[in-house]
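A look at the structure
Chain by chain, the residues run as shown.
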Protein chains: 2
Amino acid sequence: MSELRYDPMKKAWVIIATERGVRPVNVQKREHLRSCASEAACPFCPGNENRTPPEILAIRDPGSRPNGPGWRIRVLPNKFPALTIESPLERYGEGIYDVVSGFGAHEVVVETPDNLEQMADFSVGHLQDVFGVYRSRLRDLMKDQRFRYIMIFKNHGTEAGASLFHSHSQIIALPVTPNLVAVELASTRDYFQLKERCMLCDIIHQELEDQARIVLVEEKFIVFTPFASSFPYELRVVPRRHSHDFSLVDDDTLAHLAFAIKEVLTLLRKELDDPPFNLILHTAPPFTHRAGKPYYWSSIESDFHWYLELVPRLTMIAGFEWGTGFQINPTSPEDAARFLRESEI
Amino acid sequence: MSELRYDPMKKAWVIIATERGVRPVNVQKREHLRSCASEAACPFCPGNENRTPPEILAIRDPGSRPNGPGWRIRVLPNKFPALTIESPLERYGEGIYDVVSGFGAHEVVVETPDNLEQMADFSVGHLQDVFGVYRSRLRDLMKDQRFRYIMIFKNHGTEAGASLFHSHSQIIALPVTPNLVAVELASTRDYFQLKERCMLCDIIHQELEDQARIVLVEEKFIVFTPFASSFPYELRVVPRRHSHDFSLVDDDTLAHLAFAIKEVLTLLRKELDDPPFNLILHTAPPFTHRAGKPYYWSSIESDFHWYLELVPRLTMIAGFEWGTGFQINPTSPEDAARFLRESEI
């Protein structure tokens, strides 16, 4: 059974997930995947629905039946979950150490039945449906008061951690607040308490004024390279209007988000030769859970601002980076933004 | 010129080092290196001393001359430095953002003239000399009051970030305290203030009692898999007697450290097929710099405890890990320790 364990010195949680089926001695160097092994072998390809756990949610053609073909997007429990909903939620100490049982949810969003299509190929409408599925799952999982955070992310390409080529994202619902999420909740709360302004709203304001790091500005979203970019061509995709919780966005906002993501994925693929990337949703935790108490004039609605982080994985996390939490980035965000801005799709 | 930039939301520093010569569009997928390209091409091979900047320190045969052959260990300025000592140290704001100029030091320790020998091949005596060189450089760099932290680390293998096969380590002296170092300084200080005991001394006590995660116990060092291991077979190599500052260790302690490291590197190579790894020294920052003020009854001498972190890189840092600071580890540290303990070298 898996466990969450806390390192008291590094103040970081770790999931020890020994049931994921990877025997450490057998850890293999991964080959770069360019296609599904074969339609017959791929658990996400249509016709193989019986080889996955029963679906949680699907967008389907009228008349098609659950766990059969006819779907356009399909959400499944992960077959090798890091955490499971069946585990009882228990918190206990082991001497100096802290443990939480491996309670949680681990789902896979199969984004398309087509085993060649990658996210950059999706139509804007299909992308909107994928984000709509994220929103649905978030709404549903947020009802369970035992979850402290629900993490939605996508790994594209072997070097970014994808173990199957067939386009998919993942959802992990956690019984603890992840370290980095806690940092963002605390930094934005402290900022609001000092200034009574949202930090990310202020950043949008400064980026629009400065222009140097802007990649795309559309009606509802702004895409820019962060001032302190950890990786070359790292992007943040941010709603221009203050909004703390992705589960509350409306369909029109999702349509604009889909348009912006389609634009930047197309740019990255063209200019950087289909780079491996991670796409990560940063959103408010379920309402009752947050790091520290806000003052009465601030609340998570006012101080947190959701965004998508899009990180091409062109550089490595080596010893220096692991030991310091400090990335060394060989490309200035201003150069990266100019390069992408000047590209013609 | 390079710059250190601070992300106010993630509370993390980043080095934007655009002079390292890597044009982002040219970032290549790295091939796994199994040898120096050729002795003629390798800047660290003997005979090519004129192709590196002048040496800072070397352990040499009697009568051999600086920047010529006859050395056994050689310390050089990095030819593609992330930070340079020539940059003026400046701190300034850019609107909401914070910047420090790219002031610092970036050195390379060429650990051996032999281009086939890797760290696991070194004799215990040679390893002791390598650690002695770390100590010398640390002592020297700590004299410069502008440095907030001096990071010593080694990347072994392409997947761990090594860009040259010839065995070497790196030293980066920084004008800011790295995020993760600040966390360790704060967590151990807070622990001491509550208990008047060193956290890592308490961890040693618990690990020796428990035995489940012990890999090696010798007279002066203990090697164990951390309770909250982020990676399979992650190891901590810790002096059993409290000691906060690696620059103050004596030669006998270095000899015991060399013995312990030789043992575990031999174990890892045999059992895990020469895994890529990072070796990271965690030591106290120069005395005057620390995160937050201690109370009068505590000090960095009492609350911090230096150690070496040895991290085989068998699993990936993907979207979930990058977004949460949360590793998913498929091997329990108890299994890893038992496996290594039961191995016969």
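Residues numbered from 1 in each chain as written. Chains lettered and ligands numbered in written order. Predicted model: local features only at pLDDT ≥ 70, side-chain atom pairs only at ≥ 80, totals over all residues. Heavy atoms only, no water.

Let us look at the interface of chain B and chain A. Taken together, the contact between chain B and chain A spans 98 residues of the former and 98 residues of the latter. Summed over both partners, the interface of chain B with chain A buries about 8,100 Å², with 67% contributed by carbon and sulfur atoms. Counting every contact that joins chain B to chain A gives 6 salt bridges. In this structure, Glu334 of chain A and Arg5 of chain B form a salt bridge, with 3.1 Å as the shortest nitrogen-oxygen distance. At the boundary of chain B with chain A, the tally comes to 32 residue pairs in polar contact (both at pLDDT 80 or more). Counting residues per element, the side of chain B that touches chain A draws most heavily on helix α2 (residues 179–195) of chain B, which supplies 9 residues. (Contact = heavy atoms within 4.5 Å. Buried area = accessible area lost by both parts, 1.4 Å probe. Salt bridge = Lys/Arg side-chain N within 4 Å of Asp/Glu carboxyl O. Polar contact = N/O pair within 3.5 Å; in protein donor to acceptor, adjacent residues only side chain to side chain. Helix = DSSP H or I, 4+ residues; strand = E, 2+ residues; numbered from the N terminus.)

Note that the two copies of the chain are related through a rotation about an axis and a translation along the same axis. Mapping chain B onto chain A is achieved by rotating through 180° and translating by 0.0 Å along the same axis, at an RMSD of 0.0 Å. Taken together, the rotation and translation relating the two chain copies correspond to the operation of a two-fold axis. When C-alpha positions in chain B are compared against the rotation axis, the closest is assigned to Ile317 of chain B, at 3.9 Å. (Least-squares fit on C-alpha atoms with pLDDT ≥ 70 in both.)

Here the focus is the side chain of Thr225 of chain B. Residues and elements named next belong to chain B. One can find Thr225 in the loop between β11 (221–224) and β12 (235–239). Of the polar contacts made by the side chain of Thr225, one reaches the backbone oxygen of Pro333; its length is 2.8 Å. Excluding anything up to four places from it in sequence, Thr225 contacts Arg213, Val215, Glu234, Leu235, Pro333, Glu334, Ala336 and Ala337.

Let us now look at the side chain of Arg313 of chain A. With respect to the helices, strands and loops of the structure, Arg313 of chain A is situated in the loop between β14 (307–312) and α6 (319–324). Despite being buried, Arg313 of chain A has no salt bridge partner; Glu321 of chain B is the closest side chain of opposite charge, sitting 7.0 Å away. With sequence-adjacent residues up to four places away left out, Arg313 of chain A is seen in contact with Glu159, Ala160, Phe231, Pro276, Phe277 and Asn278 of chain A together with Ile317 and Ala318 of chain B. (Buried < 20%, exposed > 50% of the residue type's maximum accessible area, 1.4 Å probe, protein only. Lys, Arg positive; Asp, Glu negative; His and termini not counted.)

As a further point, take the packing of aromatic side chains. All names here are of chain B. Inspection of every chain in the model, using the stated rule, returns 20 aromatic pairs over all chains. Ring geometry for Phe103 and Phe147: centres 5.4 Å apart, planes at 20°, overall stacked. Here the residue Phe103 occupies a position in the loop between β6 (97–101) and β7 (105–110), and Phe147 occupies one in the loop between α1 (124–141) and β8 (149–156), the gap between them amounting to 44 residues. What makes Phe103 buried here is its relative accessible area of 0%. Classification of Phe147 as buried rests on a relative accessible area of 1%. (Phe/Tyr/Trp six-rings, centres within 6.5 Å; stacked < 30°, edge-to-face > 60°.)

This brings us to the sheet that holds strand β13 (residues 277–282) of chain A. Residue and element names in this part refer to chain A. With antiparallel pairing, 10 strands are arranged side by side in an open sheet as β3-β4-β7-β9-β8-β13-β14-β12-β11-β10. Two strands close off the open sheet at either side, each with one partner strand: β3 (57–60) and β10 (214–217). Averaged over all pairs of adjacent strands, the angle between strand axes in this sheet comes to 15°, irrespective of strand direction. Where strand β4 (residues 71–77) lies against strand β7 (residues 105–110), 4 bridges are found, and the strand directions are antiparallel. (Pairing = 2+ DSSP bridges. Axes fitted to C-alpha atoms, helices over the stretch in contact; angles between N-to-C directions.)

Moving on, we get to unusual backbone geometry. One non-glycine residue, Asp273 of chain A, lies in the positive phi region at around 60°. Tracing the backbone shows Asp273 of chain A in the loop between α4 (251–272) and β13.

A word on the layout of surface pockets. Regions of empty space are outlined by a rolling probe, equal in size to a water molecule, passed over the atoms. Of the voids in this model, the second largest pocket is the one considered here, and its volume is about 1,100 Å³. Mapped onto the lining of the second largest pocket, the elements with two or more residues apiece are β1 (3–7), β2 (12–16), α2 (179–195) and α6 of chain A together with β2 (12–16), α2 and α6 (319–324) of chain B. The element that contributes the greatest number of residues to the lining of the second largest pocket is α2 of chain B, accounting for 7 residues. Grouping the amino acids of the lining of the second largest pocket by side-chain chemistry returns 20 nonpolar, 13 polar and 11 charged. (1 Å grid on protein atoms, 1.4 Å probe; cavity = no way out; pocket = protein on both sides within 12 Å on 5 of 7 lines; lining within 4 Å. Points joined across faces, edges and corners; volume = space filled by probe spheres on them. Nonpolar A, V, L, I, M, F, W, Y, C, P; charged D, E, K, R; others polar.)

Our focus in this paragraph is the sheet that holds strand β15 (residues 327–329) of chain B. On the basis of which strands lie adjacent, the open sheet formed by 5 strands has the order β5(A)-β6(A)-β1(A)-β2(A)-β15(B) and mixed pairing. Only two strands of the sheet have a single neighbouring strand rather than two, namely β5 (91–94) of chain A together with β15 of chain B. Along the sheet, successive strands turn relative to each other by an average axial angle of 30°, direction set aside. Relative to strand β6 (residues 97–101) of chain A, β1 of chain A runs antiparallel, the two being bridged by 4 bridges. Residue Tyr6 of chain A lies in a different strand from β6 of chain A, and its bridge partner there is Asp98 of chain A.

The next point concerns the confidence of the model for chain A. Across chain A, the average pLDDT comes to 90, with 92% of residues at or above 70. Here residues 21–29 of chain A scores under 50 on pLDDT; set against residues more than four positions off or in separate chains, the count is 13 contacts. (pLDDT = per-residue confidence, 0-100.)

Our focus in this paragraph is the domain arrangement of chain A. All names here are of chain A. Along its sequence, chain A is carved into domain 1 (3–174) and domain 2 (179–342). Once you take the C-alpha centre of each, domain 1 and domain 2 turn out to be 22 Å apart. Counting from both sides, the interface comprises 33 residues of domain 1 and, opposite them, 35 residues of domain 2. If you sort the residues of domain 1 by the area they bury against domain 2, Phe131, Arg135 and Tyr149 come out on top, with a joint share of 21%. Linking domain 1 with domain 2 are 2 salt bridges. Of all the elements in the fold, those that place two or more residues in the side of domain 1 that touches domain 2 are β2, α1 (124–141) and β8 (149–156). (Domains from an automatic or database assignment.)

Enumeration over the complete set of coordinates arrives at 4 cavities of 30 Å³ or more. By volume, the largest cavity is sized at about 70 Å³. Along the walls of the largest cavity sit Tyr6, Asp7, Pro8 and Tyr97 of chain A together with Ile203, Phe224, Pro226, Phe227, Ala228 and Arg236 of chain B, which together make up its complete lining. Among the residues forming the lining of the largest cavity, the class breakdown is 8 nonpolar, no polar and 2 charged. Estimates place the volume of the second largest cavity at around 50 Å³. As for the second largest cavity, its lining consists of Ile203, Phe224, Pro226, Phe227, Ala228 and Arg236 of chain A together with Asp7, Pro8 and Tyr97 of chain B. Split by residue class, the lining of the second largest cavity holds 7 nonpolar, no polar and 2 charged.

Glancing now at the pattern of salt bridges. According to the stated counting rule, one finds 46 salt bridges over all chains in the structure shown. Put simply, Glu107 of chain B and Arg137 of chain B hold a salt bridge, and the shortest N to O gap is 2.7 Å. One end of the pair, Glu107 of chain B, is in strand β7; the other, Arg137 of chain B, is in helix α1, and 30 residues separate them in sequence. Take Arg137 of chain B: its relative accessible area is 6%, and that puts it in the buried class. A cluster of three or more residues bridged by salt bridges with shared partners is formed by Glu3 and Arg5 of chain A together with Glu207, Asp210, Arg213 and Glu334 of chain B.

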